[in-house]
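Architecture at a glance
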Amino acid sequence: MADELRPTVRNRRLGMMLRQIRDDRDLTTHQAARMLHRSQASISKLETGQRGIRRPALENMLDRYGVEDEELRETLFRLALDSRKPGWWQSYDGTLSPEAMDLIGLEADAASICFFELILIPGLLQTEAYARALLSQGPFSYDAKLVDRLVAVRMKRQRILTRPDRPPRVHAILDEAALRRQIGGPEVMRSQLRRLLELSELPNVAVQVLPYAAGAYLGLSGAFTLMDIGRHGDLRVVTVDSLTEMSYREKEHQLRSYAEAFDQLRDTALPEADSRALIQELRSDS
């Protein structure tokens, strides 16, 4: 039952936008509930993404709120409709954790994705051989078929990088250690480094390297991913991985801290051209 109540990415965006509209009109949830002839609990569930809404009810809500902006109304209608559509990743329910499916949903709707990684290449930038070598050493190593499915998911996720309709802007900042760590052996790493060089040539992908020479820098405490979700980046989320789980940071002060940290890391890292030169040098030496 708990998983059924998990808010989808689109429901969270829809709820956040409806809450902002209500706040802009200085309405409390109690006042909005009376205006809309709904309970406060239903307003709260809608605004936190725990409940969807059909178009007629949404039209009534926007009319009552006095929302006349046609572009905004259409955006909200589309979100309400799309939130009811299953994503391709939902066919992997039982293979993927709820957190992993949330992550894929976020990536699919992302306007921008900013990675900071210390020791590994981010999943969206991995080759199939690198991903397989990595997953084969993890907690799923006992099940070859499961590893195959997880690798297939990882490769399918990468389609967003080259999709024709608004691919996300991707900015990856990688510690030099991630480029030198021999995941799968020298040949796998040469192919992986070549893949990074190829991706860095895409107009929507930037790759920077934090060289060993940078010494101590902000961020050595752990990797993270910062995503702006929606066409206009109207929902910001940070994901942080640990040994046993993936967690989300969504509070305003947390998001601000991670955004500032990423800006500092970007300024500390090598420029893109110098980063490509270092990746090519490491590939030639491997």
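Residues numbered from 1 in each chain as written. Predicted model: local features only at pLDDT ≥ 70, side-chain atom pairs only at ≥ 80, totals over all residues. Heavy atoms only, no water.

As for the overall build of the protein
Broken down by element type, the protein carries 12 helices and six strands. Summarising its shape, the C-alpha atoms of the protein cover approximately 70 × 40 × 35 Å along the three principal directions. Taking the contacts inside the protein whose residues are at least 6 apart along the sequence as the reference set, 71% of them involve residues at least 24 apart. When the accessible surface of the protein is summed, it comes to about 15,000 Å², and 49% of that surface belongs to carbon and sulfur atoms. (Helix = DSSP H or I, 4+ residues; strand = E, 2+ residues; numbered from the N terminus. Contact = heavy atoms within 4.5 Å. Areas by Shrake-Rupley, 256 points an atom, 1.4 Å probe, with all protein chains shown as cover.)

Details of the environment of G230
Positionally, G230 belongs in the loop between strand 4 (224-229) and strand 5 (235-241). For G230, the residues in contact, after removing those within four places along its chain, are R13, D109 and A111.

Re the nonpolar core
Among the nonpolar cores identified, the biggest contains 57 residues, and L18 and L179 are the most heavily contacted of them. At six residues, helix 10 (residues 186-200) tops the list of elements feeding residues into this core. Filtering out sequence-adjacent residues up to four positions away, L18 remains in contact with L46, E47, L58, M61, L62, Y65 and L76. (Core = buried A, V, L, I, M, F, W, Y, C linked by side-chain atoms within 4.5 Å. Buried < 20%, exposed > 50% of the residue type's maximum accessible area, 1.4 Å probe, protein only.)

Some points on helix 5 (residues 70-82)
Between its first and last C-alpha, helix 5 extends 18 Å over 13 residues, near the 18 Å set by a 1.5 Å rise per residue. Of the positions making up helix 5, those classed as buried are R73, T75, L76, F77, L79, A80 and D82. The distance from a side-chain oxygen at the start of helix 5 to the backbone nitrogen of E71 is 3.0 Å, and the residue carrying that oxygen is D69. (Expected span 1.5 Å × (residues − 1). Polar contact = N/O pair within 3.5 Å; in protein donor to acceptor, adjacent residues only side chain to side chain.)

Quick look at the sheet that holds strand 2 (residues 169-175)
With mixed pairing, six strands are arranged side by side in an open sheet as 3-2-1-4-5-6. The sheet is open, and its two edges are formed by strand 3 (205-210) and strand 6 (246-249), each paired on a single side. In this sheet, neighbouring strand axes are inclined to one another by 15° on average, regardless of whether the strands run parallel or antiparallel. Pairing of strand 5 with strand 6 involves four bridges; the strand directions are antiparallel. For V240, the partnering residue across the bridge sits in strand 6 and is S247. (Pairing = 2+ DSSP bridges. Axes fitted to C-alpha atoms, helices over the stretch in contact; angles between N-to-C directions.)

What about the packing of helix 4 (residues 55-65) against helix 5?
Between helix 4 and helix 5, the shortest axis-to-axis distance is 10 Å and the interhelical angle comes to 150°. Between helix 4 and helix 5, the interaxial angle falls into the category roughly antiparallel. In this structure, the crossing between helix 4 and helix 5 has a hand that is right-handed. On helix 5, the residues touching R55, L58, E59, L62 and D63 of helix 4 are R73, E74, L76, F77 and A80. Residue classes in the contact of helix 4 with helix 5 are distributed as five nonpolar, no polar and five charged. (Parallel < 35°, antiparallel > 145°, perpendicular 65-115°, else oblique. Left-handed = near helix turned anticlockwise from the far one by under 90°. Nonpolar A, V, L, I, M, F, W, Y, C, P; charged D, E, K, R; others polar.)

Observations regarding the pairing of strand 1 (residues 110-117)
Counting buried residues along strand 1, eight of its eight residues qualify, which places the element largely inside the surrounding structure. Inspection of the sheet shows strand 1 paired to strand 4 by six bridges, in the antiparallel sense. In the sheet register, F115 faces strand 4, and the bridge partner there is T225. Judged from the six bridges that link them, strand 1 and strand 2 form a sheet pairing that is parallel. From the neighbouring strand, F116 faces strand 2, where its bridge partner is I173.

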